[in-house]
Number of protein chains: 2
Amino acid sequence: MDAPGLVLGSGDDAAISVPEGATATSVDLLVEGVHFEIPPFGLADVGHKALAVALSDLAAMGASPREAYVQLGVPADRDQAELLELADGLAAVAAAHGVAIAGGDVSRAPMLLLAVTVVGAAADEAALVRRAGARSGDLLVVTGELGGAAAGLLLLEDEMFAEALDHATADALRRRQLRPEPRLAAGLALARTGATAMIDVSDGLGADAEHLAAAGAVGLEVELARLPLQAGVAAVAEAAGRDPFDLAAAGGEDYELLATLAPGQVDAAADAVGAAGSKLTAIGAVSATGAVTLSGPEGPRAPGGYDQLG
Amino acid sequence: MDAPGLVLGSGDDAAISVPEGATATSVDLLVEGVHFEIPPFGLADVGHKALAVALSDLAAMGASPREAYVQLGVPADRDQAELLELADGLAAVAAAHGVAIAGGDVSRAPMLLLAVTVVGAAADEAALVRRAGARSGDLLVVTGELGGAAAGLLLLEDEMFAEALDHATADALRRRQLRPEPRLAAGLALARTGATAMIDVSDGLGADAEHLAAAGAVGLEVELARLPLQAGVAAVAEAAGRDPFDLAAAGGEDYELLATLAPGQVDAAADAVGAAGSKLTAIGAVSATGAVTLSGPEGPRAPGGYDQLG
């Protein structure tokens, strides 16, 4: 696939681009046994997720994705058909979002690993939204629905948790874990309607709210009751003896976008995100305190999340 | 360190740049147990080599290096001091070549692994030298000296092979394997003096010559007797019962540059490469045959090299 500005793709010592405006570049690493297991992940799921989570970082900047570079480590016991399956998973995500796989490197490794670099573009640097920038009085908003990836992981670990769910709802939850979708159109919509700060929900809403708060030297007050739960999350939580708001706030990997906006911009942003095929929910506010509080029916609790080195 | 065009480095969802002209982007993956062992590699050597071999791809384009992105996989038994040592190795190479470490990602992995993405720049796309472009009648040239990395690996595997060498020569050979230097200034000099095609010698001179020949749909005739052997390579080859030209032509990892030039440009290129602190040796010629021949005192032989999936 051709991407704007890409002159020469894979096959040489380096890819050549002639970019215009500002570029946003992000890297992600997925390691078998650490970030995924096969099964429940299939090879196509792995390819899909590796590129999707990298693109999610571009969504969180409001960047338009352009190029991806994939470094693949492959164990000797994986055959050609399995690698093609993985490549198909990557290629489908790339095609869906107009991304050119512009380069790569394949080598032996003791387990499957994918290191993905993505490059996105914007008209200029001011069009890209950083983690820093939230102002006291802004509202905190989140796209889409939360808790699905954590509930999906529980279903993949124990089929019994699906007993109270219809087939389609259970499938959607599993898919949320296996094949997350980067919110690129929603990120662009939020950037254009005045998001003052933005991050993607990868580590968990609580942990990512702490990243936003720290970057902006502000506080965030999140009302757990307002979190938009994906259908079936409450039922899985009950079956597993978990709090549904824990799945939504600490589970991570939903790859929704968490952003701050001036109150007067929220309606316009909600319309733009709606037009981009998602939805926007106000879940809290920015304060000057420098702390993150998650307030539930039983009062405040500590923000939790997934520590990538934990 | 600041790089031209880099607006925002690590710590956000993506780094932000405002590049001018053309960019060259390359990725490399180094996996413990596949590409290096500890020992003989120290942690600083690993950091050095991961960035150096990635930058070597930019050298082979004639690009000026700008930014690097490092994805690090770290086993649980590596402590903070070891990671700082590795970071020091990376940082020293970055500083030596004016490269900003603009982003990164650290996660757990069963073994140490580094996936490095490097971005370089040129005034425009025509200033970057590709693998394709060699013309029948061009001369084949190589920078610096060959065989050192393969001889160094033999020394690291068996100290006995160093018996006929003085200390400084043996050290230089080991260092060639552990801490290769990307020929960035020489690559720029070759690009500016009219290199028609270029590649770095990573897989081995024979294998990389085949890549050049295939990309340009030309033949290459290499005279083995002309290969510039690093001091000590012949002695190590003799001690190990190996042919020194095998170490130079099939050993790989010397990270010198192999380029083609019109005969009338070779003197100017040699001067420019000399001014860049290296040297240039004519080792053969481009033919129209579509094959690579390596001719030694005993006649032609098949090109060999390191197959990255072998």
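All residue numbers refer to positions counted from 1 along the written sequence of the respective chain. Each chain takes a letter, starting from A, and each ligand takes a number, starting from 1, following the order in which they are written. Where local features are concerned, this predicted model is filtered to residues with pLDDT of at least 70; where side-chain atom pairs are given and counted, the filter is 80 or more; whole-chain, interface and lining totals use all residues. Only hydrogens and water are set aside when side-chain values are computed; all heavy atoms of the structure are taken into account.

Asker: Describe the nonpolar core, naming the residues involved and giving the relevant values.
Answerer: Residues and elements named next belong to chain A. Within the largest apolar cluster, 54 residues are counted, with the highest numbers of intra-cluster contacts made by Leu51 and Leu190. In this text, helices come from DSSP runs of H or I with a minimum length of four residues, and strands from runs of E with a minimum of two, each type numbered from the N-terminal end. Only strand S3 (22-31), helix H1 (43-59), strand S4 (64-74), helix H2 (80-96), strand S6 (113-122), helix H5 (184-192), strand S10 (257-261) and helix H9 (266-275) provide two or more residues apiece to this core. Counting residues per element, this core draws most heavily on H1, which supplies 9 residues. Contacts: residue pairs with any heavy atoms within 4.5 Å of one another. Residue contacts for Leu190: discarding those within four places in its chain leaves Val141, Thr143, Ala195, Met198, Leu257, Ala259, Leu261, Ala269, Val273 and Leu280. For our purposes a nonpolar core is just a set of buried Ala, Val, Leu, Ile, Met, Phe, Trp, Tyr and Cys residues, chained together by side-chain atoms within 4.5 Å. Only protein chains enter the area calculation, which uses a 1.4 Å probe; residues under 20% of their type maximum are buried, those over 50% are exposed, and those in between are partly exposed.

Asker: Summarise the interface of chain A and chain B; cite the residues concerned and give the values.
Answerer: Taken together, the 53 residues of chain A in the interface contact 53 residues of chain B. Together chain A and chain B conceal approximately 4400 Å² of surface at their shared face, both sides included; 58% is due to carbon and sulfur atoms. Criterion for a salt bridge: a side-chain nitrogen of Lys or Arg within 4 Å of a carboxyl oxygen of Asp or Glu. Connecting chain A to chain B are 2 salt bridges. Across the pair Arg131 of chain B and Asp13 of chain A runs a salt bridge, and its minimum N-O distance is 3.1 Å. Pairs of N or O atoms within 3.5 Å make up the polar contacts considered here, provided that, within protein, one atom can donate a hydrogen while the other can accept it, and that residues adjacent in sequence are counted only when both atoms are side-chain atoms. Linking chain A with chain B are 17 residue pairs in polar contact (both at pLDDT 80 or more), by the criterion used here. Buried surface area refers to the total accessible area, computed with a probe of radius 1.4 Å, that the two partners give up upon joining, counted for both partners together.

Asker: Any details on H9 of chain A? Residues and values, ideally.
Answerer: All names here are of chain A. Turning to H9, its buried residues are Val266, Ala269 and Val273. End-on, the buried residues of H9 take up no more than an arc of 60 degrees, which puts them together on one face. Seen from the buried face of H9, the exposed residues on the opposite side, beyond 90 degrees, are Asp267, Asp271 and Ala275. Where H9 is buried, its residues touch strand S7 (139-143), H5, S10 and strand S11 (280-287). Positive backbone phi, approximately 90 degrees, marks Gly277, located one or two places after H9. Arc, as used here, means the arc of the directions from the helix axis to the C-beta atoms.

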